[in-house]
Amino acid sequence: MRLREARVIVVAAESDFTADLVVSRLDRDAFVRMDPGRLHESLTVGGRFAAGAWTTVVDDVWRTARIGPGCAVYWRKPTHPDTHPDPDDRWRAEENTIALLGLLRAQPVLWVNDPVVVDAAEHKPAQLASAASHGMRVPDTLFTSDPARARAFVTDHHDKVVVKALTQRHTTFVPTTRLRASDDLDAIAGTLHYLQALVENRLFDARVTVVGDRVFAASITTPGALDWRTVLAADCRHAPITPPADVERACREHVRDLGLRYAALDFVVTADGWTYLETNCAGEFGWIEALAGLPISTEIARLLTHHTRTTATRHRVVPIRARM
Ligand SMILES: Nc1ncnc2c1ncn2[C@@H]1O[C@H](COP(=O)(O)OP(=O)(O)OP(=O)(O)O)[C@@H](O)[C@H]1O
Ligand SMILES: [Mg+2]
């Protein structure tokens, strides 16, 4: 049986419902899906370096993808090698993941998103500076492990400060929390804390999802919570909204400057306008697509296939000279 030629590579865990959503918008023959953290024998990957160039081919039982300029890669949280209890399985998963990533990164494909770029773009200090450089309003922010500096910051902001966690991996969930001068600020010594001026009088939170040049925004209204993640989704209201044109433009440019084609940005909205909080480079979107009715997965699929079509067409054009 002749394999169909695919141009989209979907890299995701098998039980990833959000990846399923994007895949459901793609033509059946347009993509090969794989999870390097759990490679099956029915799927093969081969990369050959000869005459100064890589030739890389990925096959499943129906489709084959020759990786090159006409291809797009949708890389979304494949199974992490550390999740395998057996050390040999962990090693195999790690080998597969590193080899696949290296082979794909050696080609000029369209990435949504390159995980190496995501790792670099996740850092909050650079995100805040980038957002401000594009004209977004960013709260006064302090990173410190010095109790005296933290106390001075809280006092300068009249006791209206929040503290936020940068990671959520090693403890139970740490929500955004108010910090006051009366709190035991000596306890921060030895740990860098992320403090920020409290944005008061919130009307609602906003989640802005950028896909290529398209911007999808939703409001998230809670019954007065500081952090919407502490409220059950059923107790929040989610609605599609249109951000102000300058915010929309700034989001698009900021995401592009981070080297990404997809990102989800968080804002607090008050009567004064939109205040930027952060960019989730690999942020989830399935929930907000469903709750606010935003066609995000459709747009991701369109971006992946539009690229493969336009680039493939361009590469097939025979130069006039060659035809003579
Ligand atoms: N400076 C602030 N003033 C008021 N509310 C804030 C502030 N910073 C964050 N919040 C609230 O805390 C919640 C989470 O915000 P944010 O996305 O900035 O946190 P995070 O810890 O960086 O989250 P993530 O887990 O998405 O990385 C939101 O409801 C947001 O409105
Ligand atoms: Mg957030």
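Please read all numbers here as calculations on a predicted model, not as lab measurements.

Novice: Would you mind going over the coordination of the magnesium ion (ligand 2) with me for this structure?
Specialist: By definition of the ideal shapes, four donors in a tetrahedron about a metal sit 109.5 degrees apart, and six donors in an octahedron sit 90 or 180 degrees apart. At 1.9 to 2.1 Å from the magnesium ion (ligand 2) lie its protein donor atoms, namely Asp266 (OD) and Glu278 (OE). With Asp266 in strand E16 (residues 262-270) and Glu278 in strand E17 (residues 273-280), this pair connects stretches of sequence that are 12 residues apart. Given the relative accessible area of 10%, Asp266 is considered buried.

Novice: What is the right way to look at the side chain of Glu278 in this model?
Specialist: Residue class for Glu278 comes out buried when judged on its relative accessible area of 16%. Looking at Glu278, its side chain comes within polar contact range of the side chain of Lys124, at 2.7 Å. Within polar-contact distance, the side chain of Glu278 engages the side chain of Asn280 at 3.5 Å. Setting aside anything within four residues of it in sequence, one finds Glu278 in contact with Lys124, Gln127, Ala264, Leu265 and Asp266.

Novice: So what exactly am I meant to see when it comes to unusual backbone geometry here?
Specialist: The phi angle of most residues is negative, glycine excepted, and most peptide bonds adopt the trans form. With an omega dihedral of -10 degrees, the bond running from Val112 to Asn113 counts as a cis peptide bond. If you trace the backbone, Asn113 turns up in the loop between strand E8 (110-112) and helix H3 (115-121). With phi around 50 degrees, Ala51 is a residue other than glycine that occupies positive phi space. Mapped onto the secondary structure, Ala51 falls in the loop between strand E4 (44-50) and strand E5 (53-59). Residue class for Ala51 comes out exposed when judged on its relative accessible area of 85%. You will see that Lys77, though not glycine, has its phi angle at about 40 degrees, which is positive. Its location among the elements puts Lys77 in the loop between strand E7 (72-76) and helix H2 (87-105).

Novice: Explain the sheet that holds strand E2 (residues 8-12) to me, please; I cannot follow it from the model alone.
Specialist: Hydrogen bonds along the backbone pair up the strands of a sheet, which may run parallel or antiparallel. Spatially, the four strands line up as an open sheet ordered E3-E2-E7-E8, and their pairing is parallel. Of all strands in the sheet, those bounded by a partner on one side alone are strand E3 (31-34) and E8. Recorded for the sheet is a direction-independent mean angle of 15 degrees between the axes of neighbouring strands. Direction of pairing for E2 relative to E7: parallel, over a ladder of five bridges. Looking at E7, one finds that Ile9 is bridged to Val73. Those strands touched by H2 are E2, E3, E7 and E8, and its axis lies near 150 degrees from that of E7.

Novice: I'm lost on the site of ligand 1 in this one. Help?
Specialist: In the region of ligand 1, 20 residues are neighbours, and Val199, Arg202, Asp205, Arg229 and Glu278 sit closest. Side-chain polar atom of Thr176 to an oxygen atom of ligand 1: 2.9 Å apart, as the coordinates give it. One nitrogen or oxygen atom from the main chain of Leu226 is found 3.3 Å from an oxygen atom belonging to ligand 1. Surface burial for ligand 1 is 92%, taken as the share of its 610 Å² of free accessible area covered by protein chains. Listed by contribution, the elements that provide at least two residues to the shell around ligand 1 are strand E10 (161-164), strand E12 (193-197), strand E13 (202-211), E16 and E17. Here the shell around ligand 1 takes three residues from E17, the largest share from any one element. Residues belonging to the shell around ligand 1 are distributed by class as follows: nine nonpolar, three polar and eight charged. Mapping the shell around ligand 1 onto the domain boundaries places at least three of its residues in each of domain 2 (140-197) and domain 3 (201-281).

Novice: Explanation requested: the pairing of strand E14 (residues 214-221) in the structure shown.
Specialist: Working note: regular strand, side chains alternate between the two faces of the sheet. Counting buried residues along E14, seven of its eight residues qualify, which places the element largely inside the surrounding structure. As paired strands, E13 and E14 are joined by seven bridges and run antiparallel to one another. When the bridges of E14 are listed, Arg207 appears paired with Ala218. Where E13 folds back on E14, the antiparallel hairpin that results is connected by two residues, among which Gly212 adopts a positive phi of roughly 60 degrees. Bridging between E14 and strand E15 (residues 237-241) involves five bridges; their strand directions are antiparallel.

Novice: Sorry if this is basic, but what is going on with the domain arrangement of the protein chain here?
Specialist: Each assigned domain of the protein chain is listed here: domain 1 (4-113 + 306-316), domain 2 (140-197) and domain 3 (201-281). Distance from the C-alpha centre of domain 1 to the C-alpha centre of domain 3: 30 Å. In this assembly, four residues from domain 1 lie in contact with four residues from domain 3. Across the domain 1 to domain 3 interface the summed buried area is about 330 Å²; carbon plus sulfur atoms make up 50%. Looking only at domain 1, the three residues that lose the most surface to domain 3 are Leu110, Val112 and Asn113, adding up to 86% of its buried area. Inspection of the region where domain 1 meets domain 3 yields zero salt bridges. Viewed at the interface, domain 3 and domain 1 are joined by four residue pairs in polar contact (both at pLDDT 80 or more).

Novice: Can you help me understand the environment of Leu166 in this one?
Specialist: Structurally, Leu166 can be placed in the loop between E10 and strand E11 (177-179). Put simply, Leu166 and Leu3 are 163 residues apart on the chain and 45 Å apart in space, counted from C-alpha to C-alpha.

About the thresholds
- Residues numbered from 1 in each chain as written.
- Chains lettered and ligands numbered in written order.
- Predicted model: local features only at pLDDT ≥ 70, side-chain atom pairs only at ≥ 80, totals over all residues.
- Heavy atoms only, no water.
- Donors = N, O, S within 2.8 Å, 3.2 Å for Na, K, Ca; no water.
- Helix = DSSP H or I, 4+ residues; strand = E, 2+ residues; numbered from the N terminus.
- Buried < 20%, exposed > 50% of the residue type's maximum accessible area, 1.4 Å probe, protein only.
- Polar contact = N/O pair within 3.5 Å; in protein donor to acceptor, adjacent residues only side chain to side chain.
- Contact = heavy atoms within 4.5 Å.
- Pairing = 2+ DSSP bridges.
- Axes fitted to C-alpha atoms, helices over the stretch in contact; angles between N-to-C directions.
- Near = heavy atom within 4 Å.
- Areas by Shrake-Rupley, 256 points an atom, 1.4 Å probe, with all protein chains shown as cover.
- Nonpolar A, V, L, I, M, F, W, Y, C, P; charged D, E, K, R; others polar.
- Domains from an automatic or database assignment.
- Buried area = accessible area lost by both parts, 1.4 Å probe.
- Salt bridge = Lys/Arg side-chain N within 4 Å of Asp/Glu carboxyl O.

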